[in-house]
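Each chain, written out:
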Amino acid sequence: MRRLLQLGKTRQRTPSASEQLAFFTVRLYGSHSTKRSPPPTQHGPTRGAGRRHDGGRSGVCPPQDGGLQITSMETGKNTEDHLKAHKMKKKILRKQVRAQHTLMRHEGIECISHATQITSMETGKNTEDHLKAHKMKKKILRKQVRAQHMLMRHEGIECISHATQSLVIANAGLGNGMSRHQLHRIVDNYGVVETLLMPPNKPYSFVQYESTEEAKKAFDALNGKEVTLEDFDQNIVLYCNFVEKVFWKNSVPTSLPPDLKVIENIISPEEERKMLESIDWRGDENTQTAQKTLKHRRVKHFGYEFRYDNNDVDKDNPLPGGLPEICIPFLEKCLKQGYIKHKPDQLTVNQYEPGQGIPPHIDTHSAFEDEIISLSLGSEIVMDFKHPDGHTVAVMLPRRSLLVMTGESRYLWTHGITPRKYDVIQASELGQKVGTITADVRDLTLKRRETRTSFTFRKVRGSSCNCIYPSVCDSQKGQQRQAEPSFPHNEMEASELEQQYVHKVYEEIATHFSSTRHSPWPRVVEFLRSLPEGSVVADVGCGNGKYLGINRDLYMVGCDRSKNLVDICGEKDCQAFVCDALSVPIRSGSCDACISIAVIHHFSTAERRLAAIRELARLLKPGGTALIYVWAMEQEYKNQKSKYLKEKHGSKDKEEESSTGTSQRLLDDQKHGRSSQGSACSDRLLDDSEDKGCAAKPVADSRLPVHTNRTSFHSQDMLVPWHLKGGIKKKGAVVDEASLAGCKESQELSPVFHRYYHVFREGELEAACRSLDCVRILKNYYDQGNWCVVLEKL
């Protein structure tokens, strides 16, 4: 019974899926023989048989007679392996397609389905080379774009994508060590070069070929090419771009600074050799020659030691031995030929290796006399001179040449040597020409420096300096502080300041002043000629009367505070009288027009300047017009320098000479203000001026600074020097000590007078005019360093 029950339980069990699959597979395919095997019987298996075939859990028997023996475990394993292989194949295929797309996108190379002869090793090597080339190509393109931006930023020149005759080559400029000779040799390989432009201190150059094909050939060959700089043994890579035809402004030759001379071949090569051999640099620092090794050069002193800690000499402790004997014949030669007037008693020998220099400086005024001479031995050099206004001049000093500095070049200009290993020079002369280095981009190249030794001779000064450049003179700065007047704080002080530093000065310099006043300003002439025939015109502050005869169809009358200038007007048969610009004895409303040229800036307070404008308006009829000119604070306007700054290097008396051009310098045509007990201006003017930043408030107890002629202004209120040429003044006039700048006269130096000026900021003159209800502004403009307005009487 127990066995039957057990058998029943066994028969009721449902076969698993794998068992059914194995069973039906045998049923469908049978054994390997042609004889079909009978179906398995369901007799109860013995315990051993059950455990042997299915672990004792199933009654299914294995097929007989060599049939296909597939078990459930084997079937599952095979299916799983097949799925894994299929997934891997799909993954490989997907990666292949992605690689194909990458190759097409980056390199433009299309993959194919059929076999080729490229092996995997060859493909890997080619791909690596191709990637390197691709990276280099991208780098060159990036550098090209950077060069394009630099060119646009520096020169405003735009690069273009199509080929032209002109190329710009980055890294092939004077600024990074490429000489004209080397660049010419490089670019000449690809065609006929019509133009080669090398801007000074720039890292690029411009090349223009005879044809576009030649330029394209050079572009393909040079873009990304590595070359070695000959003078520096350094590798650089060139980057090229096409540009349209380059138009470069022709450079105007620069003249030497005033009172500067360069004499070539002052000594022979044999004399040069002996002088160089006489200086022994092998010894350590010693007392007798005060030999020192400075940061940028080696130096020896003879006669007196120059102390670099205080920029002076110890006049009471001369060095033993004096000047070297070998220098005596040379100095006697200089005295005989007139290069110097005093025999020097101090010598400084400097030795410069390539890359060394000396900072810009002015030899201390109080330490040495006017003349300073310097002999260049061993090599040529470019020395840089700089005016206080920023104007620079590069001067070539050839080997065995003598530099002579006197006057302005000695006292006002700084001189120095830029520490570098090469100089930019004129290619046509290769540094052998005396004179300035003109920034001609068609004729500049590099010259490698060599060891240069300079012998600089000076005469130690026995007294304080009495030069005409007090703003840079160490002797006069202390005295100048005491002599300078203070800014006026009330009406009485203002009147006294103008009397002392305007009226008296113009009485003294009237003759010299008039001799420099002969060219009318074009836009003033234009205003006068635009007036109707028969108009009555008053020139308030007429000076020597140069505008009184411009238009004979007008009835013009002039007035001026200076009697001597009015007398000069009379000598020209012009109608003029003496009066004050704040109180003109002409009936109100009687003039069709008025002019006030370079007058109002001589009034020392805002109230007095406004009173002068009000007085002009009083003279006008309703509808009448007035033209006013005042000196501008902005002597450089819209990136253009005024003639006052430009025309400063003409001659020894350049400060006071008139311009021969169409427009004159304002300083050379300054008239003078006329003081009186004028009325105060309205509070509104002061408020407007302060809002616009026009009227700078004076500091309590502030002194008026002395301006350096031909330089930009650093203060609105100042004293401007007038150097009286040859002591010229009106016969019988007495020179006033207070206005004479506190200097002693000598045979070499002319008297210097100081005139008060208030220079106007942009908008200041208009603000003053708008504060008056009786006028309106018709026009305002800037004219060569002047602010100008045209007013109409309402």
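Residues numbered from 1 in each chain as written. Predicted model: local features only at pLDDT ≥ 70, side-chain atom pairs only at ≥ 80, totals over all residues. Heavy atoms only, no water.

## Things to note about the overall build of the chain
Stage number 1. Secondary structure summary: the chain contains 18 helices and 34 strands in total.
Stage number 2. The buried share of the chain, reckoned over its 794 residues, is 46%.
Stage number 3. Accessible surface for the chain amounts to roughly 41600 Å². Of this, 51% is attributable to carbon and sulfur atoms. (Helix = DSSP H or I, 4+ residues; strand = E, 2+ residues; numbered from the N terminus. Buried < 20%, exposed > 50% of the residue type's maximum accessible area, 1.4 Å probe, protein only. Areas by Shrake-Rupley, 256 points an atom, 1.4 Å probe, with all protein chains shown as cover.)

## Let's talk about the nonpolar core
Proteins that are soluble and globular tend to have nonpolar side chains buried together.
Stage number 1. Membership of the largest hydrophobic core comes to 35 residues, with the highest contact counts inside it found for Val540, Cys594, Ile600, Ile613, Ile628, Leu765 and Leu791.
Stage number 2. Of all the secondary structure elements, the ones that give two or more residues to this core are β24 (536–540), β27 (591–597), α15 (606–619), β28 (620–631), α18 (764–770), β33 (775–783) and β34 (786–793).
Stage number 3. With 7 residues, α15 is the single largest residue contributor to this core.
Stage number 4. With sequence-adjacent residues up to four places away left out, Ile628 is seen in contact with Ser596, Ile600, Ile613, Leu616, Leu765, Trp787, Cys788, Val789 and Leu791.
Stage number 5. Leu174, Val187, Val227 and Val424 belong to the second largest nonpolar core, which has 28 residues in total. (Core = buried A, V, L, I, M, F, W, Y, C linked by side-chain atoms within 4.5 Å. Contact = heavy atoms within 4.5 Å.)

## Quick word on the sheet that holds strand β3 (residues 193–197)
Stage number 1. Across the sheet, 5 strands lie side by side as β1-β7-β2-β4-β3; this open sheet has antiparallel pairing. Since the sheet does not close on itself, it has two edges, and those belong to β1 (159–160) and β3, each with one partner.
Stage number 2. Relative to strand β7 (residues 239–243), β1 runs antiparallel, the two sharing 2 bridges. Considered in β7, the bridge of Ile160 is made with Phe242.
Stage number 3. Strands β2 (166–170), β3 and β4 (204–209) of the sheet are contacted by helix α6 (residues 180–187), whose axis makes an angle of about 145 degrees with β3.
Stage number 4. Across the sheet, helix α7 (residues 212–222) is in contact with β2, β4 and β7; its angle to β7 comes to roughly 155 degrees. (Pairing = 2+ DSSP bridges. Axes fitted to C-alpha atoms, helices over the stretch in contact; angles between N-to-C directions.)

## Re the confidence of the model for the chain
Stage number 1. Here the chain averages 79 in pLDDT, while 73% of its residues score no lower than 70.
Stage number 2. This model gives residues 648–701 a pLDDT under 50, and the stretch forms 191 contacts once residues within four places in sequence are excluded. (pLDDT = per-residue confidence, 0-100.)

## Section: α7
Stage number 1. Those residues of α7 not exposed but buried are Glu214, Ala215, Ala218, Phe219 and Leu222. For α7, the buried positions fall inside an angular range of 140 degrees around the axis, keeping them on one side.
Stage number 2. Looking one or two residues beyond α7, the residue adopting positive phi is Gly224, at roughly 85 degrees. (Arc of directions from axis to C-beta.)

## Describing the pattern of salt bridges
Once their charged atoms are close, side chains differing in charge can pair, the charge on each being opposite to the other.
Stage number 1. If you walk through the whole model with that rule in mind, you get 19 salt bridges.
Stage number 2. Between Lys459 and Asp345 there is a salt bridge; the shortest N-O distance is 3.5 Å. Here the residue Lys459 occupies a position in strand β23 (residues 452–460), and Asp345 occupies one in the loop between α9 (328–336) and β13 (346–352), the gap between them amounting to 114 residues.
Stage number 3. For Glu369, the salt bridge identified is with Arg461, shortest N-O distance 3.5 Å. Within this pair, whereas Glu369 is found in strand β15 (residues 368–377), its partner Arg461 is found in the loop between β23 and α11 (476–483), the two being separated by 92 residues in sequence.
Stage number 4. When salt bridges with common partners are traced through the structure, they connect Glu270, Arg273 and Glu277 into a single cluster. (Salt bridge = Lys/Arg side-chain N within 4 Å of Asp/Glu carboxyl O.)

## A look at the sheet that holds β27
Stage number 1. Taken in spatial order, the 7 strands make up an open sheet running β26-β25-β24-β27-β28-β34-β33, and their pairing is mixed. Edge positions in the sheet fall to β26 (576–578) and β33, since each has one partner strand and no second. For this sheet, the mean angle separating the axes of adjacent strands, direction not counted, is 15 degrees.
Stage number 2. The pairing of strand β25 (residues 555–560) with β26 spans 3 bridges and is classified as parallel. Residue pairing for β26: Cys559 is matched across the bridge by Phe577.
Stage number 3. Running at roughly 175 degrees to β28, helix α13 (residues 522–529) makes contact with β24, β25, β27, β28, β33 and β34 of the sheet.

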